[in-house]
Amino acid sequence: MVTEDSMITANLEKKEGFAGPNLLPHYAKAYDGLDRGGKERFHANVKEMAALMSKAFNVNSMGSLGEKFGRPDDRRRGLREPQICQF
């Protein structure tokens, strides 16, 4: 669960959880402060990281994982249902 200031995970089977700070607003503010070159480097780094992760997990495209789920009419409208996936 994500709130404005916290990110919370829970394992109901083990009855334990973790609460930490929500860093997304800080990341967004830092991204907004980047100049054009900084944003281009950021996007190149993210693309490279996604390629490495897809090789590590033997996935052709990280974006393709979610495309296999949902109803066809939802995909036409650009909507996706939340899915629980087990690998």
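See above for the structure.
Just so you know, these numbers come straight off a predicted model, no measurement behind them.

Colleague: Hey, could you run me through the side chain of Asn 22 in this one?
Modeller: Secondary-structure assignment places Asn 22 in the loop between strand 2 (16-21) and helix 1 (24-32). A polar atom in the side chain of Asn 22 sits 2.9 Å from the backbone oxygen of Thr 3.

Colleague: What is the right way to read the pattern of salt bridges from this model?
Modeller: Pairing is possible between side chains that carry opposite charge, provided their charged atoms lie close to one another. Counted by the stated rule, this structure contains 1 salt bridge. Across the salt bridge formed by Arg 36 and Glu 40, the nearest N and O atoms sit 3.2 Å from each other. Of this pair, Arg 36 and Glu 40 both sit in helix 2 (residues 36-56), 4 residues apart, which is roughly one turn of the helix. Residue classification places Glu 40 among the partly exposed positions, given a relative accessible area of 49%.

Colleague: Can you walk me through the environment of Met 7 in this structure?
Modeller: Counting through the fold element by element, Met 7 comes out in strand 1 (residues 6-11). Between the C-alpha atom of Met 7 and that of Ala 19, which follows or precedes it by 12 residues, the distance is 5.8 Å. Not counting residues up to four positions away in its chain, the partners in contact with Met 7 are Met 1, Val 2, Phe 18, Ala 19, Gly 20, Pro 21, Asn 22 and Leu 23.

Colleague: What's the story with unusual backbone geometry in this structure? I'm lost.
Modeller: Most peptide bonds adopt trans geometry, and most residues besides glycine take a negative phi value. Positive phi, close to 55°, is recorded for Lys 15, a residue that is not glycine. One can find Lys 15 in the loop between strand 1 and strand 2. Relative accessible area serves as the criterion here: at 77%, Lys 15 is assigned to the exposed category.

Colleague: Would you mind showing me how to read helix 2 here?
Modeller: Residues lying three or four places apart along an α-helix face the same way, a consequence of the helix completing one turn every 3.6 residues. Its 21 residues give helix 2 an end-to-end C-alpha distance of 30 Å, which sits within 8% of 30 Å, the value for a rise of 1.5 Å per residue. Count one or two residues on from helix 2 and you reach Asn 58, which has phi positive near 55°.

The rules we used
- Residues numbered from 1 in each chain as written.
- Predicted model: local features only at pLDDT ≥ 70, side-chain atom pairs only at ≥ 80, totals over all residues.
- Heavy atoms only, no water.
- Helix = DSSP H or I, 4+ residues; strand = E, 2+ residues; numbered from the N terminus.
- Polar contact = N/O pair within 3.5 Å; in protein donor to acceptor, adjacent residues only side chain to side chain.
- Salt bridge = Lys/Arg side-chain N within 4 Å of Asp/Glu carboxyl O.
- Buried < 20%, exposed > 50% of the residue type's maximum accessible area, 1.4 Å probe, protein only.
- Contact = heavy atoms within 4.5 Å.
- Expected span 1.5 Å × (residues − 1).

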